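# Summary of structural features
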Amino acid sequence: MNFTWTIWLALFGLIFGHGLPGAVVGGITGFIIDSLRQGQRRRATPQAGGYISPLFALLGAVAKSDGRVSEAEIAIAERLMQRMGLEQEARKQAVTAFNAGKQPEFNVTPAIEELRRWVGLRRDHAFPVLDVVIETVIAEGNPPPEKMAILRQLAFALRVSDMELMALMAMKGYAWNATGGGSRGYGQRGNGGYVPPQRNTNGPDPYTVLGIARDVDDRSVKRAYRKLISEHHPDRLGDLPEAMRKQAESRASEINAAYERIKAERGFK
């Protein structure tokens, strides 16, 4: 525990609070402040490894949601275990969770709630979680509505908006309009048909990546860029696995590339 406030307020009380009694009062006050700050940090910092079971269970559920688990979806889970550097026990835990998620009776809501609690106040930790789920969602190309429904339920629980989710999909090379109508989890045509995210052959749309409309002014573009690059910067991820840090670096690169394209298009620095 850090005792910065305890020490400083004790010294302040000693000097300005009539000696030892002032130091005692100051020290107690500082200790209370330090304890509260420590509690906030514990609530804000995800527990190492606490995401493995709910995350892989959710990946299994996403893979099975359209009726079958494909080799591509299994391969994604295997690669994720390798990239995370999971040792034998953690890998066994991940495999067990993935298999549990594949079961027809599996309920995704408790797993999503576990991930929500693990992320806590750290919204910057929500994006790596969504990243790996998106990889499974798009493993076989344009995803069916069942997969998108789970993804959007997770995003909602992690306080990630549809606009932000559209941006994450754009960074993966998929164009998706979340505002096409219908209930949460389904983008729809005017006639009620599901419209899946589509592979964007022209590359990510820079405005979608930044989460802004094309008609915003230059100041709004700069503000959106600064906010995004701050949220997605790899240095904010703490002790998350290197695989998730690499994904954050990739997101930051996409954000920088989108900003540079818009600057070139608009002619501002």
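Residues numbered from 1 in each chain as written. Predicted model: local features only at pLDDT ≥ 70, side-chain atom pairs only at ≥ 80, totals over all residues. Heavy atoms only, no water.

Secondary structure assignment for the chain yields twelve helices and two strands. When the elements of the chain are put in sequence order from the N terminus, they spell out α-α-α-α-α-α-α-α-α-β-β-α-α-α. Within the chain, buried positions represent 45% of all 269 residues. Sequence-distant contacts, at least 24 apart, represent 73% of the contacts inside the chain between residues at least 6 apart. (Helix = DSSP H or I, 4+ residues; strand = E, 2+ residues; numbered from the N terminus. Buried < 20%, exposed > 50% of the residue type's maximum accessible area, 1.4 Å probe, protein only. Contact = heavy atoms within 4.5 Å.)

Moving on: the nonpolar core. Core analysis: the biggest nonpolar cluster contains 65 residues, and L55, F56, V133, L151, L154 and L210 have the highest contact counts within it. Per-element tally for this core: the top contributor is helix α3 (residues 52-64), with nine residues. Mapping this core onto the domain boundaries places at least three of its residues in each of domain 2 (51-172) and domain 3 (206-266). What L210 contacts, discounting residues up to four positions off in sequence, is V221, A224, Y225, L228, I255, A258, Y259 and I262. (Core = buried A, V, L, I, M, F, W, Y, C linked by side-chain atoms within 4.5 Å. Domains from an automatic or database assignment.)

Another point: the environment of A257. Structurally, A257 can be placed in helix α12 (residues 242-266). Sequence separation between A257 and P204 is 53 residues; the distance between their C-alpha atoms is 9.6 Å.

In an α-helix, one turn spans 3.6 residues; hence positions three or four apart end up facing the same way. Helix length check: α3, at 13 residues, gives a terminal C-alpha distance of 18 Å against a target of 18 Å (1.5 Å per residue), a fit within 8%. Where burial is concerned, most of α3 is hidden: eleven out of the 13 residues are buried. (Expected span 1.5 Å × (residues − 1).)

Going through the model one piece at a time under the given rule, you end up with 15 salt bridges. The shortest N-O distance in the salt bridge between K263 and E260 comes to 3.3 Å. Of this pair, K263 and E260 are both found in helix α12, three residues apart, which corresponds to roughly one turn of the helix. We classify E260 as partly exposed; its relative accessible area is 45%. Among the ionic contacts, a cluster of salt bridges with common partners joins D66, R68, E73, E140 and K147. (Salt bridge = Lys/Arg side-chain N within 4 Å of Asp/Glu carboxyl O.)

This part covers unusual backbone geometry. A negative phi holds for most residues other than glycine; trans holds for most peptide bonds. Positive phi values are uncommon outside glycine, yet R159 reaches one of about 65°. As for its position among the elements, R159 is in the loop between α8 (145-157) and α9 (162-171).

Turning next to the packing of aromatic side chains. Taken as a whole and judged by the stated rule, the model has two aromatic pairs. On the numbers, 3.9 Å between centres and 5° between planes, the contact of Y225 with Y259 is stacked. Of the two residues, Y225 sits in helix α11 (residues 218-231) while Y259 sits in helix α12, which places them 34 residues apart along the sequence. Each member of the pair, Y225 as well as Y259, carries the same accessibility label: buried. (Phe/Tyr/Trp six-rings, centres within 6.5 Å; stacked < 30°, edge-to-face > 60°.)

The subject of this paragraph is the environment of G67. Along the chain, G67 turns up in the loop between α3 and α4 (71-84). With relative accessibility at 49%, the residue G67 sits in the partly exposed group. Note: C-alpha distance between G67 and P104 (37 residues apart in sequence) is 9.0 Å.

Next up on the list: the packing of α4 against helix α5 (residues 88-101). The interhelical angle for the contact between α4 and α5, taken along N-to-C directions, is 155°, at an axis separation of 11 Å. Comparing their axes, α5 and α4 come out roughly antiparallel. In the crossing of α4 with α5, the sense of the turn from one axis to the other is right-handed. The residues of α5 that touch α4, namely those facing A77, E78 and M81, are R91, A94, V95 and F98. (Axes fitted to C-alpha atoms, helices over the stretch in contact; angles between N-to-C directions. Parallel < 35°, antiparallel > 145°, perpendicular 65-115°, else oblique. Left-handed = near helix turned anticlockwise from the far one by under 90°.)

With respect to the secondary-structure elements, K147 resides in helix α8. The exposure class of K147 is buried, given its relative accessible area of 1%. A polar contact of 2.3 Å, which involves the side chain of K147, links it to the side chain of E73. Ignoring anything within four residues of it in the chain, the contact list for K147 reads V62, A63, S65, D66, E73, T136, V137 and E140. (Polar contact = N/O pair within 3.5 Å; in protein donor to acceptor, adjacent residues only side chain to side chain.)

A word on α9. The element α9 is extensively covered by neighbouring structure, given that eight of its ten residues are classed as buried. The complete set of buried residues in α9 reads E164, L165, M166, A167, L168, M169, A170 and M171. G173 lies just past α9 and shows a positive phi near 90°.

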